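# Coordinates in review
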Amino acid sequence: MASSTSFPAPRSRSRKPVGKVADWFRQVLSKTSKKLSDSAESTSSDVSQPRSKDNPPPLGLSSAVSPNSPSTYVGASSSSGSSGRWSKDYDVCVCHSEEDLVAAQELVSYLEGSAASLRCFLQLRDSTPGGAIVSELCHALSSSHCRVLLITPGFLQDPWCKYQMLQALSEAPGAEGRTIPLMSGLTRAAYPAELRFMYFVDGRGPDGGFHQVKEAVMRYLQTIS
């Protein structure tokens with residue numbers, strides 16, 4: 001008779017308290033999932049929901065100046081002054097003979113030192129060194145509003161001065177107050193025939209007629225301002 005062999009019953013493994021760990025793990029997952037869900041909803045709302053006019057987006061560096069908005073030009077005021085007096089380089093071009101250089105310098109000093117600060121062209125002072133005499137003179141006449149002809153005995157005897165006079169007249173054939181003859185040391189009978197259609201300033205006054213010349217220039221400048 002076969003003997004029955006008895007084996008010891010297997011030991012049961014001790015169970016760990018997994019219930020508490022599982023509950024804790026589920027709570028962590030739940031909190032994390034809720035945070036991710038809230039973040040996703042917030043992002044979706046910002047993207048899909050347009051901002052109202054009452055709550056415009058905050059201005060950043062890139063949106064502070066719109067590319068379509070007109071910018072303010074710093075030189076606008078100087079640009080607007082391109083017409084009138086400032087459209088030319090000089091207010092007065094003084095035409096004179098070489099022997100009357102001192103008198104021309106005194107006239108220029110008076111005009112430039114006045115309250116109006118008139119801008120004067122004096123040939124020997126303001127011509128470009130190395131420039132052609134005729135070209136410099138023509139440029140000065142065309143770049144000046146008014147021309148003062150310092151008419152003296154030396155002026156009448158100088159062919160170059162006569163050329164300046166005719167050139168000034170060709171620049172302003174209708175006078176219009178732009179060409180101002182200043183007679184000095186001459187009688188009325190010696191007044192050039194080419195200028196008989198316009199009045200002259202008599203230089204026999206106490207200031208040599210300088211004040212009248214300045215007033216004539218200022219009147220013309222006011223007409224173009």
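What you are looking at is a predicted structure, and each value in this text was computed from that prediction instead of being measured. (Residues numbered from 1 in each chain as written. Predicted model: local features only at pLDDT ≥ 70, side-chain atom pairs only at ≥ 80, totals over all residues. Heavy atoms only, no water.)

## Topic: the overall build of the protein
- A count of helical and extended segments in the protein gives eight helices and five strands.
- Mapped in sequence order, the helices and strands of the protein form the string α-α-β-α-β-α-α-β-α-α-β-β-α.
- Looking at the protein as a whole, 30% of its 225 residues qualify as buried.
- Of all intrachain contacts in the protein linking residues separated by at least 6 positions in sequence, the fraction that spans at least 24 positions is 70%. (Helix = DSSP H or I, 4+ residues; strand = E, 2+ residues; numbered from the N terminus. Buried < 20%, exposed > 50% of the residue type's maximum accessible area, 1.4 Å probe, protein only. Contact = heavy atoms within 4.5 Å.)

## Observations regarding the side chain of D91
- Take D91: it is sitting in strand β1 (residues 90–95).
- Beyond its immediate chain neighbours, meaning those up to four positions away, D91 contacts R85, S117, L118, R119, H145, C146, V217 and L221.

## Section: the sheet that holds strand β4 (residues 179–183)
- If you walk across this open sheet you meet the five strands as β2-β1-β3-β4-β5, and the pairing is parallel. The two strands at the open ends of the sheet, each matched to only one other strand, are β2 (120–122) and β5 (201–202).
- With two bridges joining them, β4 and β5 adopt parallel strand pairing. What sits directly across from M183, in β5, is D202.
- Helix α7 (residues 159–171) contacts β1, β3 (144–151) and β4 of the sheet and is inclined by roughly 150 degrees relative to β3. (Pairing = 2+ DSSP bridges. Axes fitted to C-alpha atoms, helices over the stretch in contact; angles between N-to-C directions.)

## Thoughts on the packing of helix α3 (residues 101–113) against helix α8 (residues 210–224)
- For the pair α3 and α8, interaxial distance at closest approach is 10 Å and the crossing angle is 55 degrees. Between α3 and α8, the interaxial angle falls into the category oblique. Both α3 and α8 take part in a crossing whose hand is right-handed. Of α8, the residues touching α3 (which contributes A103, E106, L107, Y110 and L111) are F210, H211, V213 and K214.
- Among the residues making up the contact of α3 with α8, the classes are represented as six nonpolar, one polar and two charged. (Parallel < 35°, antiparallel > 145°, perpendicular 65-115°, else oblique. Left-handed = near helix turned anticlockwise from the far one by under 90°. Nonpolar A, V, L, I, M, F, W, Y, C, P; charged D, E, K, R; others polar.)

## A word on helix α5 (residues 133–142)
- Along α5, the positions that sit buried rather than exposed are E136, L137, A140 and L141. One side of α5 holds all its buried residues, which, seen down the axis, span an arc of 130 degrees.
- Residues of α5 that are buried sit in contact with β1, β2, β3 and α7. (Arc of directions from axis to C-beta.)

## A short note on the environment of Q222
- Structurally, the position occupied by Q222 is in helix α8.
- Residues Q222 and G84, 138 residues apart in the sequence, show an inter-C-alpha distance of 8.7 Å.

## Remarks on the pattern of salt bridges
- Taken as a whole and assessed by the stated rule, the structure comprises seven salt bridges.
- R119 serves as the salt-bridge partner of D91, at 2.9 Å between the closest nitrogen and oxygen. Taken together, the positions of D91 in strand β1 and R119 in the loop between α3 and β2 put the pair 28 residues apart, joining distant regions of the chain.
- Residue classification places D91 among the buried residues on the basis of a relative accessible area of 0%.
- As a salt-bridge pair, E194 and K162 come within 3.9 Å of each other at their nearest N and O atoms. Taken together, the residues E194 in the loop between β4 and β5 and K162 in helix α7 connect sequence positions 32 residues apart.
- With a relative accessible area of 44%, K162 lands in the partly exposed category. (Salt bridge = Lys/Arg side-chain N within 4 Å of Asp/Glu carboxyl O.)

## Focus on the pairing of β3
- Burial analysis of β3 places eight of its eight residues in the buried class, which makes it a mostly covered element.
- Relative to β3, β1 is paired through five bridges, and the arrangement is parallel. Paired with Y90 across the two strands is S144, which belongs to β3.
- Pairing geometry for β3 and β4, over five bridges, is parallel. If you follow L149 over to β4, its bridge partner there is P181.

## Details of the packing of aromatic side chains
- Within this structure, the stated rule accounts for four aromatic pairs.
- With 4.8 Å between their ring centres and 45 degrees between their planes, Y191 and F200 make a pair best called tilted.
- Residue classification places Y191 among the buried residues on the basis of a relative accessible area of 5%. (Phe/Tyr/Trp six-rings, centres within 6.5 Å; stacked < 30°, edge-to-face > 60°.)

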